[in-house]
Amino acid sequence: MVVHRTPTPVAYRAAAGVLRLGMRALARYEVSGLEHVPTRGGFIVTPNHVSHVDPFPWAHVLYDRGHSPVYLAKSTLFDTPVVGWVLRHAKQVRVDRETTHAADALAPAVRALAAGECVVVYPEGSLTRDPDLWPMRGKTGAARLALQSGVPVIPIAQWGPQDLLPRYSKRLRLRLGRRRTLIRVRFGPPVDLSDLHGRPVTGPLLVAATDRIMAAITHELEELRGERAPTQRFDPRAHGMRVTGNYTSGDDQ
């Protein structure tokens, strides 16, 4: 039985129980860097994003260690039957992406961190557009939340979820038993933002903090993949792509 550090709603426990069983049946994990995960107080985790199934492996690892990650989830998920009900009853935070209301998610996220929760921010904001699945240009939400709350930011790199569910695909590649998909998860040391705290939160400051977060995620992914990422991060706008959503079909993903 998992002992949670903070109160976890029944809806959260029920959903996590189902997802954990599913992930155990479909995937096997190699995990490193758990010594970097804080044992007390709130913290932010910032994973890379290569598949719609990748919110689950690293969360599975953290959940088994007593953390119940609080996701900053896109608003469309909250409007989806069943999934929306679970999110609303499982202390998750709604984010209206690419609107003037996007910053409204910061207040409940800061409260969750103050209560000792683990808060999840995908800094890319969407599945990576990079052709080789390297982390692309980040958004400033994670940096803004980190500077406002003062809690550690733990970068997470994962590689393998795209083999279970390819980017923008809706069909799982099922391999069972010993042939289950291998998913590797690596937690990095806290991103050093110490020299940025206490300064006026300006655009350039947020960009600088975001660059450090994205560099930390990329470094951990380089370690997992055993290769070097491109020196210039992929920028969807520079390639005429939508900032969020499936740019190949127009679906909002």
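Our subject is the structure listed above.
Conventions used here
Residues numbered from 1 in each chain as written. Predicted model: local features only at pLDDT ≥ 70, side-chain atom pairs only at ≥ 80, totals over all residues. Heavy atoms only, no water. Helix = DSSP H or I, 4+ residues; strand = E, 2+ residues; numbered from the N terminus. Rg over C-alpha atoms; globule rule 2.2 N^0.38 Å. Buried < 20%, exposed > 50% of the residue type's maximum accessible area, 1.4 Å probe, protein only. Contact = heavy atoms within 4.5 Å. Lys, Arg positive; Asp, Glu negative; His and termini not counted. Charge placed at Lys NZ, Arg CZ, Asp CG, Glu CD. Pairing = 2+ DSSP bridges. Axes fitted to C-alpha atoms, helices over the stretch in contact; angles between N-to-C directions. Phe/Tyr/Trp six-rings, centres within 6.5 Å; stacked < 30°, edge-to-face > 60°. Lys NZ or Arg CZ within 6 Å of the ring centre and 35° of its normal. Core = buried A, V, L, I, M, F, W, Y, C linked by side-chain atoms within 4.5 Å.

Engineer: How would you summarise the overall build of the protein if you had to cite specific residues and measurements?
Structural biologist: For the protein, the helix and strand inventory stands at 8 helices and 7 strands. Here the protein has a C-alpha radius of gyration of 17 Å; the compact-globule value for 253 residues is 18 Å, and the two agree. Dimensions of the protein, computed from C-alpha atoms along their principal axes, come out at roughly 50 × 40 × 35 Å. Put simply, the protein has 253 residues, and 49% of those count as buried. Excluding contacts between residues fewer than 6 apart, the proportion of contacts in the protein whose partners are at least 24 apart in sequence is 76%. Across the protein, the centroid of the 34 positively charged side chains sits 6 Å from that of the 23 negatively charged ones.

Engineer: I'd like to hear about the sheet that holds strand 2 (residues 43–47), residue by residue, with values.
Structural biologist: Pairing within the open sheet is mixed, and its 7 strands lie in the order 1-7-6-2-5-3-4. Edge positions in the sheet fall to strand 1 (27–32) and strand 4 (93–95), since each of these pairs with one other strand and no more. Strand-to-strand twist in this sheet, taken as the mean axis angle between neighbours without regard to direction, amounts to 25 degrees. Sheet analysis places strand 3 (residues 70–74) next to strand 5 (residues 118–120), joined by 2 bridges and oriented parallel. When the bridges of strand 5 are listed, Val70 appears paired with Val119.

Engineer: Let's hear about the packing of aromatic side chains: which residues, and what values?
Structural biologist: Throughout the structure, instances matching the rule amount to 2 aromatic pairs. Seen from their ring centres, Tyr12 and Tyr63 are 6.1 Å apart, and the 5 degrees between their planes marks the pair as stacked. Placement of Tyr12 in helix 1 (residues 10–26) and of Tyr63 in helix 2 (residues 57–64) is noted, with a sequence separation of 51 residues between them. A relative accessible area of 9% places Tyr12 in the buried class. Judged by its relative accessible area of 6%, Tyr63 falls in the buried class. Plain terms: the ring middles of Trp58 and Tyr71 are 5.7 Å apart, the flat faces sit at 40 degrees to each other, and that makes the pair tilted. One end of the pair, Trp58, is in helix 2; the other, Tyr71, is in strand 3, and 13 residues separate them in sequence. Against the face of Trp134 rests Arg225, its NZ or CZ located 3.8 Å from the ring centre. Across the ring face of Trp159, the terminal group of Arg225 is positioned such that the distance to the ring centre comes to 4.0 Å.

Engineer: Any details on the nonpolar core? Residues and values, ideally.
Structural biologist: Of all hydrophobic cores here, the largest spans 28 residues; its most connected members are Ile44, Val119, Leu145, Val153, Leu193 and Ile213. A per-element tally of this core places helix 8 (residues 203–225) first, with 7 residues. With residues near it in sequence (within four places) discarded, Val153 still touches Ile44, Thr46, Ala146, Pro189, Pro190, Val191, Leu193 and Ile213. Membership of the second largest hydrophobic core comes to 22 residues, among which are Val53, Leu62, Tyr122 and Leu164.

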